[in-house]
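Remarks on the overall topology
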Amino acid sequence: MTAFLLKRLLIGLATLVVASLVVFTVMEILPGDAAMLMLGMNASPAALDALREQMGLNQPVIMRYLNWMAGLAVGDFGRSFTYSSPVIDLIAERAVVSLPLALMALVMSTAIAIPVGLFAAARRGKTADAVAMGAAQIGVAVPNFWFALLLVYVFAVWLRWVPAGGFPGWSAGLWPGLKALILPSVALALPQAAILARVTRSAMLEVLGEDYIRTARAKGMPRRIVLWRHALRNAMIPVLTILGLQFAFLLAGTIIIENVFYLPGLGRLVFQAITQRDLIVVEGVVILLVASVIVVNLLVDLAYALVDPRLRIRA
Amino acid sequence: MSLLEIENLTLDIGGTPILKGVDLSIAEGEVMGLVGESGSGKSMTALAIMQLMPYAARASGRVTFNGIDILGASEQAMCRLRGDDIGMVFQEPMTALNPVKTIGEQVSEGIRWHTGANRADAEARARKILDRVGLPEAKFPLSRYPHELSGGQRQRVVIAIACALKPKLLIADEPTTALDVVLQKQILELLKDLVDENRMGLLLISHDLAVVADMADRVTIMRHGEVMEDGETAKTLSEQVHPYTRQLAQASMHVPARPHTTAASSKAENLLEIRNVSRDYPGRRVSLFRKGEPFRAVNDVSFSLKPGQSVALVGRSGCGKSTLARMILALDAPTAGDIRFLGDSLLGKDETALRPFRRNMQVVFQDPYGSFNPRHTVERLVSEPLHLLDGKPTPAERRERVAKALHEVGLAKADMDKYPHEFSGGQRQRLSIARAIITEPKLIVADEPVSALDVSIRAQILDLFADLNQRLGVAYLFITHDLTVARAITDEVMVMHDGRIVEEGRTGDILDHPQSDAAKALVAAAPDLHRAIAKRFQEQG
């Protein structure tokens, strides 16, 4: 088990290094450097040189990469020129919105998808199955920003239960903060839940055809109990895989959703940074997103081992 | 009154009739053997008794268990019967247990459900029954998972689940078909003892007449969803009044005619030579820094094969016979030793260099269903090995060769454009043989080639193997745990045990007078129809 964990951890770290190389290279290839972006197109060559010297841009590529990495390791992501504050502070400020948003969406999509998939599988071929899967089909097909607009119209404009957008900040209290995140997280969660529900259903149907389900039924266990005790845990393995993969899409989805709802999150930060060519911020956020995807997939690997005893010894 | 009474049971699935007026009865403490070939409806009869039939199945007639009308019973009432009064054991022990639950959980679950016992009491009872089926606590604590057990051990767990609450009726659907003969004997003896101890009725479903003759008081013989004959075992199987009974009995003991058993041209050059071959597999890692002891699957094996010779490699599952076969086929490399084919070593050659060897050495696998891509035509499937030839055949040549190969195995030229699903199991095995002979090889390695087939089909396929050996002079290496196959079709037998060849010699000699313990165990465990019937008559006096 420790060997399994250690191996996964090393793979995760290696992935992070490769990702950092890719991000760094992309930034190198883009025309113009940070000094030029800061001073604008009309800056004098002397001023540019001075700033480059000051920012260490004259050093060889390898040194700059190593410096950047050394900075990342101690939490120094560099300094944003548009906000003229450390990138790490910007990220920290925005993460308190994005992190709860992503978590809420993840929990919500799982909480919707698994029961729906289970229910549809248990009633395979009946009306309930057709309705659930029809709804899932719509959920897969409709983009999340459209859901977002629909939700805003119904719950904010029409029913006036929640605000239509913006974020009051956690200093305003827990409930107002959560309230502002409800609609965005629902909009993020629904398309994910639709995919996950379909995966759950097909995984359940496959498991329900297995011999050990018949063994359990031959013991006298009623269908419902067999479904929960024997089928669900076995069906969780493909579901966990998809859940891990979906997390990356969830993060990408926050960029759109945060813009729709005017949430001051990481998605909006990176969006604004791109439009303003604040590349240091983009680099920092991207590396952070990569790291979080790696961490989530590490957790998924751990969950596999919890669900399936066969994986505990193999690695 | 009988414990179980089935009268005129008729069942269809989506309009397709599966059972047509089946009658069957089992008395308390009686063993009923239900025999038939695949598709005869024996498993469906069992599932109808359990009311665990597939979706869309409709049954009519009468099934009475202990006075309860099963077909009319509610699902709730059935849940009370299943696992408590009626237990069931299945064919495939590898998949019959939930892989994510411990054996303790799986055995005690039914006990708790039916008796309302608390966890500790249920686990104590589970412990007792596991001890009884031969899984003692020291080696098999309740916390074991199924993947930590072998096939035979898993089948014991399934039996423990079925017998935990001492049911009045036990249904065993081909309980030993997936096991080797030695395990088969152990499991059958266990079932017999459990049935005697608790005066259970046993419905033993099997395609193997010898197994049924050994176990059952009465037999029922089914075909195409109908009962052909039923009666007292020894009498029914010895008199063979019904023509189908006779056909089954004959097919199960069929020995193909092979007039010239290779005057084993002992002067001829060796076709295949195995010299001191060993194969190690790395052991499971003990900890992060220590590798486990390597496991020696094949241990210093040497033998040779002459052209046209037919040899059986017999042994229990896990004895290393399939590993050896993979090395002969150059699909795996030995850790030590040499393998020579047609006078040249197979070792250290790349795929191009191996081509002339591969075209002279083909393989037939056990499962005629899994070994074909369902989306390819027969022409494409059978012609696959032709890429091993030096020149690429033209499409016309290709079709001609496929037609010839199909003809050799008794199929029609027109079958070339069909897909695998259009063929029965026996025909598919003919297709795999056609695929094997299309390059006109000198050696065919056949890994349990008939063990997935019904007895009558199996007799035909054995005939085909014998015929090809006689006409084309192909040498065979049959890998099997079934001694009747070895006896039917081979000149010589090698007995393998724990990676070593422990005995070899002429087939008849070894099977009649085994010397080594391993060979003796195999011979003693192999079911034999004549012997079983004789024993029954003797018991009856």
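Keep in mind it's a predicted model, so treat the numbers as computed, not measured.

**Concerning the side chain of Arg359 of chain B**
- Residue position: Arg359 of chain B is located in helix H11 (residues 351–359).
- In contact with Arg359 of chain B, not counting residues within four places along its chain, are Leu388, Leu389, Asp390, Thr439 and Pro441 of chain B.

**Side note on the pattern of salt bridges**
Residue and element names in this part refer to chain B.
- Counting across every chain of the model gives 38 salt bridges over all chains.
- Linking Arg435 and Glu384 is a salt bridge whose minimum nitrogen-to-oxygen distance equals 3.5 Å. In this pair, Arg435 sits in helix H14 (residues 425–437) while Glu384 sits in the loop between helix H12 (378–383) and helix H13 (395–408), placing the two residues 51 residues apart along the sequence.
- On the accessibility criterion, Glu384 (38% relative accessible area) is partly exposed.
- Between Asp512 and Arg487 there is a salt bridge whose closest N-O contact spans 3.2 Å. Of the two residues, Asp512 is situated in helix H17 (residues 507–512) and Arg487 in helix H16 (residues 483–489); the sequence distance between them amounts to 25 residues.
- Given a relative accessible area of 41%, Arg487 falls into the partly exposed group.
- Ionic contacts of the salt-bridge type, sharing partners, join the residues Glu379, Arg398, Arg399 and Asp417 into one network.

**Some thoughts on the confidence of the model for chain A**
- Looking at chain A as a whole, its pLDDT mean stands at 87, while 97% of the residues score no less than 70.
- No element of chain A has a lower mean pLDDT than helix H13 (residues 310–314) of chain A, at 69, and none a higher one than helix H9 (residues 211–218) of chain A, at 94.

**What about the sheet that holds strand S16 (residues 361–364) of chain B?**
All names here are of chain B.
- Pairing in this open sheet of six strands is mixed, and the strands run S16-S17-S18-S13-S19-S20 from one edge to the other. Looking at the sheet topology across the chains shown, the edges are occupied by S16 and strand S20 (500–506). Averaged over all neighbouring strand pairs, the angle between strand axes comes to 20 degrees, with direction disregarded.
- Both strand S17 (residues 443–447) and strand S18 (residues 475–480) contribute to a ladder of five bridges, which runs parallel. Bridged to Ile444 within S18 is Tyr476.

**Focus on helix H3 (residues 45–55) of chain A**
All names here are of chain A.
- Of the positions making up H3, those classed as buried are Leu48, Leu51 and Arg52. Projected down its long axis, H3 shows its buried positions confined to an angular sector of 105 degrees, all on one face. In H3, the exposed residues that point more than 90 degrees away from the buried face are Ala46, Glu53 and Gln54.
- Gly56 occupies a position one or two residues after H3 and carries a positive phi of about 80 degrees.

**Describing the nonpolar core**
All names here are of chain B.
- With 93 residues, the main nonpolar core has Val107, Leu130, Val157, Ile159, Leu169, Ile171 and Leu203 as its most contacted residues.
- When sequence neighbours within four positions are dropped, the list of residues in contact with Leu169 reads Leu3, Leu4, Ile26, Ile49, Phe65, Asp85, Ile86, Gly87, Gly201, Leu202 and Leu203.
- If you look at the next biggest cluster of nonpolar residues, it comprises 37 residues, including Ile437, Ile461, Tyr476 and Val485.

**Observations regarding the packing of helix H3 (residues 103–115) of chain B against helix H4 (residues 119–132) of chain B**
All names here are of chain B.
- Close contact between H3 and H4 brings their axes to 8 Å; oriented N to C, the two are set at 120 degrees. On the basis of their axis angle, the class for H3 and H4 is oblique. Crossing geometry of H3 relative to H4 is assigned as right-handed. Contacts between H3 and H4 involve Ile103, Val107, Ser108, Ile111, Arg112 and Thr115 from the former and Arg119, Ala122, Glu123, Arg125, Ala126, Ile129 and Leu130 from the latter.

**A closer look at the sheet that holds strand S6 (residues 86–89) of chain B**
Residue and element names in this part refer to chain B.
- What the six strands build is an open sheet, ordered S6-S7-S8-S3-S9-S10; its pairing is mixed. With one partner strand each, in any of the chains shown, S6 and strand S10 (226–232) form the two edges of the open sheet. With direction set aside, neighbouring strand axes in the sheet form an average angle of 15 degrees.
- Two elements, strand S7 (residues 169–173) and strand S8 (residues 201–206), share five bridges in a ladder whose sense is parallel. Counted as the bridge partner of Asp173 is Ile205 from S8.

**Focus on the domain arrangement of chain A**
Residues and elements named next belong to chain A.
- Looking at chain A, the domain boundaries give domain 1 (20–73) and domain 2 (87–314).
- On a C-alpha basis, the centres of domain 1 and domain 2 stand 38 Å from each other.
- Facing nine residues of domain 1, the contacting portion of domain 2 comprises six residues.
- Of all residues in domain 1, the largest losses of buried area upon contact with domain 2 belong to Val23, Met27 and Leu37, amounting jointly to 54% of the total for that side.
- Taken together, domain 1 and domain 2 are joined by zero salt bridges.
- Viewed at the interface, domain 2 and domain 1 are joined by zero residue pairs in polar contact (both at pLDDT 80 or more).
- Listing elements by their share of the side of domain 1 that touches domain 2, those giving two or more residues are helix H1 (2–29) and helix H4 (61–73).
- Take the side of domain 1 that touches domain 2: its biggest share by element is four residues, from H1.

**A few points about the packing of aromatic side chains**
- All chains considered together, the criterion is met by nine aromatic pairs over all chains.
- Seen in terms of ring centroids, Phe341 of chain B and Phe357 of chain B are 6.4 Å apart; in terms of plane orientation they differ by 50 degrees. Their pairing is tilted. Residue Phe341 of chain B is located in strand S14 (residues 336–341), and its partner Phe357 of chain B is located in helix H11; the two are separated by 16 residues in the primary sequence. Phe357 of chain B matches Phe341 of chain B in its accessibility class, with the two residues each being buried.
- The interplanar angle of 80 degrees and the centroid separation of 5.1 Å between the aromatic rings of Phe465 of chain B and Phe478 of chain B together place this pair among those described as edge-to-face. In this pair, Phe465 of chain B sits in helix H15 (residues 455–472) while Phe478 of chain B sits in strand S18, placing the two residues 13 residues apart along the sequence.
- The buried category is assigned to Phe478 of chain B, whose relative accessible area is 1%.
- Linked through ring pairs, Phe24, Tyr65 and Trp68 of chain A together constitute an aromatic cluster.

**Considerations on the interface of chain B and chain A**
- On the side of chain A, 24 residues touch chain B, which itself brings 29 residues to the contact.
- Counting the surface lost from both chain B and chain A, the interface buries some 2,500 Å², and carbon and sulfur atoms represent 62% of this.
- Linking chain B with chain A are three salt bridges.
- The closest approach of N and O atoms between Arg217 of chain A and Glu75 of chain B, which form a salt bridge, is 3.3 Å.
- Counting across the interface, chain B meets chain A through 14 residue pairs in polar contact (both at pLDDT 80 or more).
- For the side of chain B that touches chain A, the secondary-structure elements that each account for two or more residues are helix H1 (42–50), helix H2 (75–81), S6 and H3 of chain B.
- Ranked by residue count, the leading element in the side of chain B that touches chain A is H3 of chain B, at five residues.

How each quantity is defined
Residues numbered from 1 in each chain as written. Chains lettered and ligands numbered in written order. Predicted model: local features only at pLDDT ≥ 70, side-chain atom pairs only at ≥ 80, totals over all residues. Heavy atoms only, no water. Helix = DSSP H or I, 4+ residues; strand = E, 2+ residues; numbered from the N terminus. Contact = heavy atoms within 4.5 Å. Salt bridge = Lys/Arg side-chain N within 4 Å of Asp/Glu carboxyl O. Buried < 20%, exposed > 50% of the residue type's maximum accessible area, 1.4 Å probe, protein only. pLDDT = per-residue confidence, 0-100. Pairing = 2+ DSSP bridges. Axes fitted to C-alpha atoms, helices over the stretch in contact; angles between N-to-C directions. Arc of directions from axis to C-beta. Core = buried A, V, L, I, M, F, W, Y, C linked by side-chain atoms within 4.5 Å. Parallel < 35°, antiparallel > 145°, perpendicular 65-115°, else oblique. Left-handed = near helix turned anticlockwise from the far one by under 90°. Domains from an automatic or database assignment. Buried area = accessible area lost by both parts, 1.4 Å probe. Polar contact = N/O pair within 3.5 Å; in protein donor to acceptor, adjacent residues only side chain to side chain. Phe/Tyr/Trp six-rings, centres within 6.5 Å; stacked < 30°, edge-to-face > 60°.

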